Amino acid sequence: MTTTTAGDSPILEPLRASPEAGEAPGRLARPPVSLQTLRSVTLFQDLSAERLQALAQACTWHAYEAGYTIPASYTAGFCVVATGRVLITTYEESGREVAFQVMGPGDCFGAVAILLGPDYDESVEAVTMQPSLVAQLETESFLAMLREDPAFAMALLQNMAHAVRRFSQRIVELSTLTVRGRLHAALLRMAHRVGVQANQARLEPSPRHQVLANYIGTNREQVTRELSWLQRQGLAAKDGKALLLLDIVRLQALVDSGRLKGCLLYTSPSPRDQRG
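Bear in mind the structure is a predicted one, so any value in this text is a computation, not a measurement.

A word on the side chain of Asp149
Considering the arrangement of structural elements, one finds Asp149 in the loop between helix H4 (139–148) and helix H5 (150–176). By relative accessible area, which is 10% here, Asp149 ends up buried.

The structure is reproduced here in structure tokens:
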């Protein structure tokens, strides 16, 4: 295996890129992946340099532009979002699409399906919300890492525990908040994911209204009305393809007020638990 350097960041060359990279619509040529990028993924932070190199070589790397529905064959196994944002959706028996998590850098999906094996029969779909780089690890390689690396196994358990906590919070929101409150809470999670600076956040590209509707359990028209209300209140604004959230503190206060009206005492989740 050869390596080159870009500044102080070693580049793994060559990594396994999917053969269609850069050819199919929505696919991008795979950019170089540095050890620094891999180390920034929470699951990989405690891996040894040797293990990290081996992992990079074992993964197949897929790069996508925004708004691309990732084929099922590229989400089979264990997947980690290295950069960008990916929306994970599923479908009810009636066929209605339900968006249940936004994945950002360091988030993973596929572990539950692998661990449950034949007992797992839920169909999910992954759609990129931003240009994204996703690492795909085959099932057997993933299981081997769990058996051989306790640090990786513990990191995965912690990641899944945080996911359970986030889902629990969303269930409470669905039970206690109005559509307006659920939208505000969803926007806050997205804001904390991309980073809040000077009490503001920039969501780029702006999340599609239908995606938000699926995520909070309503319809697109209601989301459009509520976003217009936020703009009239000076809490949000459009800036090209981005949605600006202009007062995070005030938006949080609205969510807190809605929770109290729902007779629920609210404790602000940790930054990690606001991630999706």
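On we go.
Topic: the sheet that holds strand S15 (residues 242–245)
Pairing between the strands of a sheet is mediated by backbone hydrogen bonds and can be parallel or antiparallel. Read across the sheet, 3 strands follow the order S13-S15-S14 without closing on themselves; strand pairing throughout is antiparallel. Each having just a single partner strand, strand S13 (201–203) and strand S14 (236–239) make up the two edges of the open sheet. Strand-to-strand twist in this sheet, taken as the mean axis angle between neighbours without regard to direction, amounts to 25 degrees. The pairing of S13 with S15 spans 3 bridges and is antiparallel. Residue pairing for S15: Arg202 is matched across the bridge by Leu244.

Here we look at the packing of aromatic side chains
A full pass over the atoms with the stated rule returns 4 aromatic pairs. Ring geometry for Phe142 versus Phe152: centroids 6.1 Å apart, planes at 80 degrees, classification edge-to-face. Of this pair, Phe142 sits in helix H4 while Phe152 sits in helix H5, placing them 10 residues apart in sequence. There is no split in this pair, since Phe142 and Phe152 are both buried. Here the aromatic cluster, defined as three or more aromatic residues joined through ring pairs, consists of Phe78, Phe142 and Phe152.

What to know about the packing of helix H6 (residues 179–194) against helix H7 (residues 209–216)
When two helices pack together, their arrangement is given by the angle between the helix axes and by the axis-to-axis distance. Between H6 and H7, the shortest axis-to-axis distance is 10 Å and the interhelical angle comes to 110 degrees. The angle between H6 and H7 places the two elements in the roughly perpendicular class. Facing H6, whose interface residues are Val179, Arg182, Leu183, Ala186, Leu187, Arg189 and Met190, H7 presents Leu212, Tyr215 and Ile216. Taken together, the residues that form the contact of H6 with H7 break down as 8 nonpolar, no polar and 2 charged.

What counts, and where the lines are drawn
The residue numbering used here restarts from 1 in each chain and proceeds along that chain's sequence as written. Totals for whole chains, interfaces and linings use all residues, but because this is a predicted model, local features are given only for residues with pLDDT of at least 70 and pairs of side-chain atoms are given and counted only at 80 or more. Remark: hydrogens and water are excluded; side-chain values derive from all non-hydrogen atoms of the structure. A run of H or I in DSSP becomes a helix once it reaches four residues, and a run of E becomes a strand once it reaches two; helices and strands are each numbered from the N terminus. Accessibility here uses a 1.4 Å probe with only protein chains present; expressed as a share of the type maximum, an area under 20% marks a residue as buried, one over 50% as exposed, and anything in between as partly exposed. Strand pairing is assigned whenever DSSP identifies at least 2 bridges connecting the two strands. Angular values range over 0 to 180 degrees, each being the angle between N-to-C directions of two axes fitted as lines to C-alpha atoms, with helices fitted over their stretch in contact. Stacked, edge-to-face and tilted are the three classes for Phe, Tyr and Trp ring pairs, Trp counted by its six-membered ring, which pair at centre distances within 6.5 Å; planes under 30 degrees apart are stacked, over 60 edge-to-face, the rest tilted. Angle categories: roughly parallel below 35 degrees, roughly antiparallel above 145, roughly perpendicular from 65 to 115, and oblique for all the rest. In what follows, residue pairs with any heavy atoms lying within 4.5 Å of each other are defined as contacts. Basically, the charged four are Asp, Glu, Lys and Arg, the nonpolar ten are Ala, Val, Leu, Ile, Met, Phe, Trp, Tyr, Cys and Pro, and anything else, Gly included, counts as polar.

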